[in-house]
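So you can see what is in the structure, the chains are spelled out below.
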Amino acid sequence: MATIDLGDFTAEVVRKDVKHVHLAVYPPCGRVCITAPARLKLGTIRIFAISKLGWIKTQQRKLEQQEREAPRELLNRESLQVWGQRRLLKIVEAEQSPGIELRPRTLVLTIRPGSDRAKRDEVLQAWYRSSLRIAAEPLLIEWQRKLGVKINRLFVQAMRTKWGSCNPSKRNIRLNTELAKKPPACLEYVLVHELLHLIESHHSNRFRALLDRHLPTWRVQRDLLNALPVRHEEWSV
């Protein structure tokens with residue numbers, strides 16, 4: 001892997017069998033990575049990166065300023081987020097299969113006696129994944145019909161750097177489990193965004209025009225999502 005010196009920071013360059021250059025800024029520290037066609041000269045890649053310096057620095061500032069959730073201990077009366085609303089965790093120890101019940105003000109986690117924090121988190125994450133898939137499926141049916149597109153598979157999983165992704169060639173969409181903590185409008189925005197990549201693969205003017213036409217409130221939904229705290233992670237350096 002090569003690197004490019006851009007003054008205040010360096011960018012990693014990963015060469016792959018791709019047609020276009022892709023630029024990404026990753027949390028938590030704003031690491032810059034450029035994926036480029038295998039035969040593209042390093043000097044050409046550097047010129048591309050310099051042309052994007054303003055955008056890169058804007059993304060790095062956003063990452064520095066974005067609030068992060070406190071580390072979760074998963075103890076009684078700990079505050080958790082479910083679809084943008086606060087719930088107090090209630091832990092019930094019982095000799096039965098682990099599970100979660102959502103009540104108006106609480107989230108009841110039933111767990112076997114002696115289960116540690118890792119097991120509690122495993123049950124909670126599985127519930128978030130299931131809740132997100134259940135919420136996404138009717139939206140997916142509605143928006144595939146509106147946009148005239150069809151996916152092959154929907155994946156719901158933990159993702160560190162993206163709220164969602166789309167593989168246009170395989171026609172698969174992935175959603176970040178963390179969306180189950182955010183207001184429902186955020187899920188709709190991410191889902192529509194990824195579905196539109198089946199029509200326009202890049203974040204081009206055409207792509208933004210499609211968002212404007214089909215989801216006129218997308219900027220409000222995007223800004224709401226990006227303003228909310230993100231999950232605390234023990235990031236490797």
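Up top you'll find the structure we're talking about.
What this report covers is the structure whose coordinates are included nearby. Quantities reported herein were computed from a predicted structural model and do not represent experimental measurements.

Section: the overall build of the protein chain
And step 1. Helix and strand content of the protein chain: 6 helices and 11 strands.
And step 2. Principal-axis analysis of the C-alpha atoms gives the protein chain an extent of 65 × 45 × 30 Å.
And step 3. For the protein chain, with 237 residues in total, the buried portion stands at 42%.
And step 4. Excluding contacts between residues fewer than 6 apart, the proportion of contacts in the protein chain whose partners are at least 24 apart in sequence is 47%.
And step 5. Accessible surface for the protein chain amounts to roughly 13,900 Å². Of this, 50% is attributable to carbon and sulfur atoms.

Things to note about the side chain of Thr 177
And step 1. Along the chain, Thr 177 turns up in the loop between strand 11 (172–176) and helix 4 (184–196).
And step 2. Dropping the residues within four chain positions of it, Thr 177 is found in contact with Gln 125, Tyr 128, Arg 129, Leu 132, Val 156, Gln 157 and Ala 158.

Let's talk about a positive patch on the surface
And step 1. Judged by side-chain charge, Arg 133, Arg 153, Lys 170 and Arg 174 come together as a positively charged surface patch.
And step 2. Summarising the element assignment, Arg 133 is placed in helix 3 (residues 117–147).
And step 3. Relative accessible area serves as the criterion here: at 32%, Arg 133 is assigned to the partly exposed category.

Re the packing of helix 4 against helix 5 (residues 205–214)
And step 1. For the pair helix 4 and helix 5, the least separation of the axes is 10 Å and the interaxial angle reads 130°. In terms of axis orientation, helix 4 runs oblique to helix 5. Seen along the crossing, helix 4 lies across helix 5 with a hand that is right-handed. In this structure, helix 4 uses Val 192, His 193 and Leu 196 to contact helix 5, whose residues at the interface are Phe 207, Leu 210, Leu 211 and His 214.

Observations regarding the sheet that holds strand 5 (residues 79–82)
And step 1. Here we have 4 strands laid out as an open sheet, ordered 5-6-8-7, and mixed in their pairing. With one partner strand each, in any of the chains shown, strand 5 and strand 7 (99–102) form the two edges of the open sheet. The sheet shows a mean angle of 35° between the axes of neighbouring strands, direction not considered.
And step 2. Sheet topology places strand 6 (residues 85–93) next to strand 8 (residues 106–111); 6 bridges connect them, and they run parallel. The partner of Val 92 across the bridge, within strand 8, is Thr 110.
And step 3. Strand contacts of helix 3: strand 5, strand 6, strand 7 and strand 8, with the helix running at about 125° to strand 8, the strand carrying the most contacts.

Here is what the cut-offs are and how they apply
- Residues numbered from 1 in each chain as written.
- Predicted model: local features only at pLDDT ≥ 70, side-chain atom pairs only at ≥ 80, totals over all residues.
- Heavy atoms only, no water.
- Helix = DSSP H or I, 4+ residues; strand = E, 2+ residues; numbered from the N terminus.
- Buried < 20%, exposed > 50% of the residue type's maximum accessible area, 1.4 Å probe, protein only.
- Contact = heavy atoms within 4.5 Å.
- Areas by Shrake-Rupley, 256 points an atom, 1.4 Å probe, with all protein chains shown as cover.
- Patch = residues over 30% accessible without salt bridge, like charges linked within 9 Å, V, L, I, M, F, W, Y side chains within 5 Å.
- Salt bridge = Lys/Arg side-chain N within 4 Å of Asp/Glu carboxyl O.
- Lys, Arg positive; Asp, Glu negative; His and termini not counted.
- Charge placed at Lys NZ, Arg CZ, Asp CG, Glu CD.
- Axes fitted to C-alpha atoms, helices over the stretch in contact; angles between N-to-C directions.
- Parallel < 35°, antiparallel > 145°, perpendicular 65-115°, else oblique.
- Left-handed = near helix turned anticlockwise from the far one by under 90°.
- Pairing = 2+ DSSP bridges.

Worth remembering: the numbers are spatial, not functional.
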